[in-house]
Amino acid sequence: MTLAQVWGVAPAGIAAVLVKVEVDVSQGLPSVGVVGLAQTSVTESRWRVRSAIINSGLVWPNSRVTIGLWPADLPKTGTSLDLPIAIGILQATQQVRLTESDVTFVGELGLDGGVRPVPGALAAAIAAARAGFTRVVVCPGNARAVMAIPGVRPIVIGSLAQLVGVLSGSAQEELQPEPESIQASDAEAPDFADVRGHEFARLGIEVAAAGGHHMALLGPPGVGKTMLAQRLPSILPPLTEEMALDVTAIHALAGALDTDHGLLAKPPFVAPHHSISVAAMLGAVRGGRLIPGAVTLAHGGVLFLDEAPEFARPCLEGLRQPLEQGHLSLMRVERGLTAPARFQLIIAANPCPCGLATDRAESCRCTPMAKRRYAERLSGPLLDRIDIRSAVTKPTASQFRMEDAEPSAVIADRVLGARDRAQHRYCQHYWQLNAQAPGRLLRSEFAPSEHGMDLLVEAERRGLNPRGSDRVLRLAWTLADLSGVNLPGREQVSVALALRNQEPGN
Ligand SMILES: [Zn+2]
């Protein structure tokens, strides 16, 4: 008979990829085979499809059926290919005719011929849109996921029989869900308006948001470090559409979103507990599928490590690659997988094991040895990359009585303005944020004013090392951008030095 060709989508690594389903129905003993690295859930598909076709009043071919899945080297899992496989068989046996080529099919088949929702429909719709498809056939349970993605429209059907009817023009598709309900429902981040005192830490977080700087909050337990970090997302710019697609796909595949959730618009905030396993922190591969870790869930947003020195050493060491490259390689026997992991790192730590070293040095009973060991846990992979070290102290009684703290919306405006200025300045270069500016250029093309440089040289004479010095210059630029100054001067360099001052353990 004939060869049919239909498009479906399968999960792959952290995203989803288009899969070409080819069905060949030929003379021979009745049999059905699947070629193209199908995992168990996909090879079982043939039996679900067979029952679904028969129970929909359609004909299962009494001959040799070969199902090919391409790209052949990609392991295929899940049940989302049931629907394209069924349509391929019906097309190869002339029971349906596909007249248009820009349609993909996503759905699991029940034995009765009903179409069921699949996890990761959002990722599937994103993959379809990126590959230039304009329509995705799904069941009602997955329709909103497709509607959330610009450029694709769902064709909504409840059963295989209904789909065959729609394709032949003899049946109507289901009504599309109400568009009102496709709004992404990211939880509101808490607001800076509720924070009393903490002037300097607030400034540090604003600078971190504007320049993309990694930050450490250092202070005794219960002083408000977590409360401050949680408010960072409320002043970060919304995700770009491209980034929103990536972030949404990651969270959908991780099973962190409902199947009908819309596009995530805000940067994620991921705050793992210090008891987290290495696999949960960095990600793992199970059954050929990538399970994203905290670093990947934080992609495009914030990774917050509270009590950072308490995390297992491999968890902290494992942050090195994502911090340097923005992604993480997970090597497995069959193939290496790469997970995106470009996040802004915020860590909180006590200044010493007992936590009292900064406030009242006399009440801290930690030995110098214990303090040094504690600080060493953060050194190397982390402290090297952190631009801002902010000491957080308890607000005074009078600060607690203050009425009007600046709300997040006002700070977010300044942050956006500062980012615009930086982006404009760096438009001829490959980076957009001050935190990413190469140190070499901060002393030539993007050097501060002469007075600013004098102050920096003075600090270098007092022991500021060259890398620390680069970080001061980056911070000075962000401070200049926030206040609309064209060139960082003495004032910006002086505040930048203050933003780097504290180190744990001293
Ligand atoms: Zn102590």
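The rules behind these values
- Residues numbered from 1 in each chain as written.
- Predicted model: local features only at pLDDT ≥ 70, side-chain atom pairs only at ≥ 80, totals over all residues.
- Heavy atoms only, no water.
- Salt bridge = Lys/Arg side-chain N within 4 Å of Asp/Glu carboxyl O.
- Helix = DSSP H or I, 4+ residues; strand = E, 2+ residues; numbered from the N terminus.
- Buried < 20%, exposed > 50% of the residue type's maximum accessible area, 1.4 Å probe, protein only.
- Pairing = 2+ DSSP bridges.
- Phe/Tyr/Trp six-rings, centres within 6.5 Å; stacked < 30°, edge-to-face > 60°.

**Focus: the pattern of salt bridges**
- Per the counting criterion, the structure on display carries 18 salt bridges.
- Between Asp102 and Arg135 there is a salt bridge, with the nearest N and O atoms lying 2.9 Å from each other. Of this pair, Asp102 sits in the loop between α3 (82-92) and β5 (103-105) while Arg135 sits in strand β8 (residues 135-138), and the two are 33 residues apart along the sequence.
- Given a relative accessible area of 24%, Asp102 falls into the partly exposed group.
- Sharing partners across several salt bridges, the network here consists of Glu100, Asp102 and Arg135.

**Some thoughts on the sheet that holds strand β18 (residues 388-391)**
- With respect to topology, five strands assemble into an open sheet ordered β11-β14-β17-β10-β18, the strand pairing being parallel. The open sheet has two edge strands, β11 (269-270) and β18, and neither has a second partner.
- As paired elements, strand β14 (residues 302-305) and strand β17 (residues 344-349) share four bridges and run parallel to each other. The partner of Phe304 across the bridge, within β17, is Ile346.

**What to know about the packing of aromatic side chains**
- Per the stated rule, a full pass over the model turns up seven aromatic pairs.
- Between the aromatic rings of Phe269 and Phe304, the centroid separation amounts to 5.9 Å while the plane-to-plane angle is 25°, which identifies the pairing as stacked. Residue Phe269 is located in strand β11, and its partner Phe304 is located in strand β14; the two are separated by 35 residues in the primary sequence.
- When the centroid spacing of 5.1 Å and the interplanar angle of 85° are considered together, the rings of Tyr426 and Phe446 count as edge-to-face. Within this pair, whereas Tyr426 is found in the loop between α16 (408-425) and α17 (450-461), its partner Phe446 is found in the loop between α16 and α17, the two being separated by 20 residues in sequence.
- Note on Phe446: relative accessible area 6%, which makes it buried.

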